[in-house]
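As a plain string of letters, each chain reads:
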Amino acid sequence: LMERKEREEQEERQKSAHQRNAIADICQRNQTFRYDDIGYLDAVIAFSIMLVSDEACEQGTFQQSDGLHLCASTALSAKLLARLFNVGILGIQKTTPWQAIEPGTGDTWSYYPHQVHWKFAQDLDDRSYPAVMALLGEIIDEREDDPEYGQAVAELWRMLAYDDALDHLTQEVDDYRLPDLHVGPKTEEAIWHALEYFSIPQVRREITNVVKNAAALSQRRDFVRRRALNTIPGNLISYVDRAVSEGWQVSPIMHNWQNEEPILLTVLFNRVLGTGLPGFKMLSNGVLKSSILADPNAAGS
């Protein structure tokens, strides 16, 4: 037993040393970046991080990124952090815990974005980080004059909208103590169908209504709880179809716009689109395609 414990401790020490070496190597990457050449969507993401984190704005560093509330879910914010790392905007600090890095075979490795201590790359033109944030704001304010604007808006809205709907669905299912939600193709189709016709906060309302109905079914003696959960995607599609055909006014579910909505949502509507809260209440995927993406200049074509 003692030999096995010593062997396990030795293996743990070897693993931590390997991971520390990996961090030391990774920290040499993404030292500098030309922010004048940043893509529009990346500018919005980087600006939002600096907006919500004083440390990121002043020193270029930040950690505990899952607490920044960039998006509804930490899963999407992790993907966005990885996106900025992959294009060279974010680097990894030496203070990153070794548990955040998982070395693979050879030179391969993986990491947990929300455990990493991040650092924005230094500007090649030697701007300070507050000056970089100001530059990012100027790029964002170009809006339609930037050739990437339309596609960036569409990509960001769709990411945030689907993420918000799925997060809201998961929370509602949990609140009603239904079985764990399995997200399959039918659930994905139902969410996108709702977002095609209704805004993010209106889809929240529709999801709340269908989950409430499923919870009521689950209380019946002749209805299995798992079967009640499985009615949600089909009922959401039917709810949307009826709301559209009968012209229902679907009241949105709102959170505090300034303090509770994800920062990327408020930046998107306040700064990028310039429509604020009224735009948030009405923008659906259908409206997005018929307005922003229908404008050749906005779409960058």
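The sections below set out a description of the structure shown in this document. Just so you know, these numbers come straight off a predicted model, no measurement behind them.

Concerning the overall build of the chain
Next up, step 1: Helix and strand content of the chain: 13 helices and seven strands.
Next up, step 2: For the chain, the C-alpha atoms occupy an extent of roughly 65 × 60 × 30 Å along the three principal directions.
Next up, step 3: Here the chain holds 301 residues, and 48% of them are scored as buried.
Next up, step 4: Considering only intrachain contacts with a sequence separation of at least 6, the fraction spanning at least 24 residues in the chain is 77%.
Next up, step 5: Within the chain, one finds 29 positive and 44 negative side-chain charges whose respective centroids are separated by 9 Å.

Quick notes on the sheet that holds strand E3 (residues 90-92)
Next up, step 1: The strand order across the open sheet formed by three strands is E2-E6-E3, and the pairing between neighbours is antiparallel. The open sheet has two free edges, formed respectively by strand E2 (61-62) and E3, since each of these has just one partner strand.
Next up, step 2: As judged from the three bridges shared by E3 and strand E6 (residues 118-120), these two strands associate in the antiparallel manner. Pairing of Leu90 across the sheet is with Phe120, part of E6.
Next up, step 3: Against the sheet, helix H4 (residues 74-86) contacts E2, E3 and E6, and its axis sits at roughly 95° relative to E3.

Things to note about the environment of Ala100
Next up, step 1: Looking at the element boundaries, Ala100 is found in the loop between E3 and strand E4 (101-103).
Next up, step 2: Here Ala100 falls in the buried class, since its relative accessible area comes to 0%.
Next up, step 3: In sequence terms Ala100 and Ser110 are 10 residues apart; their C-alpha atoms lie 8.6 Å from each other.
Next up, step 4: The residues contacting Ala100, other than those within four sequence positions of it, are Ser110, Tyr111, Tyr112, Gln115 and Val116.

Some thoughts on the packing of helix H6 (residues 149-175) against helix H8 (residues 200-218)
Next up, step 1: For the pair H6 and H8, the least separation of the axes is 9 Å and the interaxial angle reads 25°. Between H6 and H8, the crossing angle belongs to the class labelled roughly parallel. Two packed elements cross with a definite hand, and for H6 against H8 that hand is right-handed. Each of Trp157, Ala161, Asp164, Ala165, His168, Leu169, Glu172 and Val173 in H6 lies in contact with H8, whose residues at this interface are Ile200, Val203, Arg204, Ile207, Thr208 and Val211.
Next up, step 2: In terms of residue class, the contact of H6 with H8 is made up of nine nonpolar, two polar and three charged.

Focus on the packing of aromatic side chains
Next up, step 1: Within the structure shown, the criterion is met by 11 aromatic pairs.
Next up, step 2: With a centroid separation of 5.5 Å and 85° between ring planes, the pair formed by Tyr40 and Tyr149 is classed as edge-to-face. Of this pair, Tyr40 sits in helix H2 (residues 40-52) while Tyr149 is found in helix H6, placing the two residues 109 residues apart along the sequence. There is no split in this pair, since Tyr40 and Tyr149 are both buried.
Next up, step 3: When the ring of Phe269 is compared with that of Phe280, the centres are 5.4 Å apart and the planes differ by 75°; the resulting orientation is edge-to-face. Of this pair, Phe269 sits in helix H10 (residues 263-272) while Phe280 sits in helix H11 (residues 276-282); the two residues are 11 residues apart in sequence, bridging distant segments of the chain. Each of the two residues, Phe269 as well as Phe280, counts as buried.
Next up, step 4: Members of the aromatic cluster, each reached through a chain of ring pairs, are Phe85, Tyr111 and Trp118.

Some thoughts on the nonpolar core
Next up, step 1: Grouped together as the largest cluster of nonpolar side chains are 90 residues, with contacts concentrated most on Tyr35, Ile49 and Phe120.
Next up, step 2: By residue number, the principal contributor to this core is H6, which donates 12 residues.
Next up, step 3: Apart from the residues within four sequence positions on either side, Tyr35 is in contact with Ile89, Phe120, Ala121, Gln122, Asp123, Val132, Leu135, Leu136 and Ile139.

Focus on the environment of Tyr35
Next up, step 1: Tracing the backbone shows Tyr35 in the loop between strand E1 (32-33) and H2.
Next up, step 2: Looking at Tyr35, the relative accessible area reads 0%, which means it is buried.
Next up, step 3: Taking the C-alpha atoms as reference, Tyr35 lies 46 Å from Gly234; in sequence the two are 199 residues apart.
Next up, step 4: Among the polar contacts made by the side chain of Tyr35, one reaches the main-chain carbonyl oxygen of Ala121 at a distance of 2.7 Å.

What counts, and at which threshold
Residues numbered from 1 in each chain as written. Predicted model: local features only at pLDDT ≥ 70, side-chain atom pairs only at ≥ 80, totals over all residues. Heavy atoms only, no water. Helix = DSSP H or I, 4+ residues; strand = E, 2+ residues; numbered from the N terminus. Buried < 20%, exposed > 50% of the residue type's maximum accessible area, 1.4 Å probe, protein only. Contact = heavy atoms within 4.5 Å. Lys, Arg positive; Asp, Glu negative; His and termini not counted. Charge placed at Lys NZ, Arg CZ, Asp CG, Glu CD. Pairing = 2+ DSSP bridges. Axes fitted to C-alpha atoms, helices over the stretch in contact; angles between N-to-C directions. Parallel < 35°, antiparallel > 145°, perpendicular 65-115°, else oblique. Left-handed = near helix turned anticlockwise from the far one by under 90°. Nonpolar A, V, L, I, M, F, W, Y, C, P; charged D, E, K, R; others polar. Phe/Tyr/Trp six-rings, centres within 6.5 Å; stacked < 30°, edge-to-face > 60°. Core = buried A, V, L, I, M, F, W, Y, C linked by side-chain atoms within 4.5 Å. Polar contact = N/O pair within 3.5 Å; in protein donor to acceptor, adjacent residues only side chain to side chain.

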